[in-house]
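# Coordinate analysis (summary)
So the chains spell out like this:
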Amino acid sequence: MIPFIDLGLVVDAADRFKMVRTRSIDAGLQGETLTPVRTDGSVLIRGETWNAFSKEFIPGGEKVRVVGIRVEVERIRQLPE
């Protein structure tokens, strides 16, 4: 299995570092669609709701498996001094 995120590193306005707990999900986990899924939708995995997409249309209430994890990123901007 491929771990997604267990812990995140956050910098606050005072430039102090702190560890924060974030959600995690692994490929291979199974769950259920809460809404129809195609280009977007919602699934329930381990009691948590996640946004999801699929290459095929999947109606709500279907059993599903995590096959990939998409990570969205943004540019880091400098904090004003």
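Residues numbered from 1 in each chain as written. Predicted model: local features only at pLDDT ≥ 70, side-chain atom pairs only at ≥ 80, totals over all residues. Heavy atoms only, no water.

### A short note on the pairing of strand β3 (residues 30-33)
- Here β3 pairs with strand β6 (residues 63-65) via 3 bridges, running antiparallel. Bridge pairing in β6 places Glu 32 opposite Lys 63.
- Judged from the 3 bridges that link them, β3 and strand β4 (residues 41-45) form a sheet pairing that is antiparallel. Bridge assignment links Gly 31 to a residue of β4, and that residue is Ile 45. (Pairing = 2+ DSSP bridges. Helix = DSSP H or I, 4+ residues; strand = E, 2+ residues; numbered from the N terminus.)

### Concerning the confidence of the model for the chain
- Scored by pLDDT, the chain comes out at a mean of 77, with 70% of its residues at no less than 70.
- Every residue in residues 1-15 is under pLDDT 50, and counting partners more than four places away or in other chains gives 39 contacts. (pLDDT = per-residue confidence, 0-100. Contact = heavy atoms within 4.5 Å.)

### Notes on the side chain of Thr 33
- In this fold, Thr 33 is placed in strand β3.
- Among the polar contacts made by the side chain of Thr 33, one reaches the main-chain carbonyl oxygen of Pro 59 at a distance of 2.7 Å.
- Here the side chain of Thr 33 touches Gly 61 through a polar contact of 2.9 Å, landing on its backbone nitrogen.
- Once residues lying within four places of it in the same chain are set aside, the contact partners of Thr 33 are Ser 42, Val 43, Ile 58, Pro 59, Gly 60, Gly 61, Glu 62 and Val 64. (Polar contact = N/O pair within 3.5 Å; in protein donor to acceptor, adjacent residues only side chain to side chain.)

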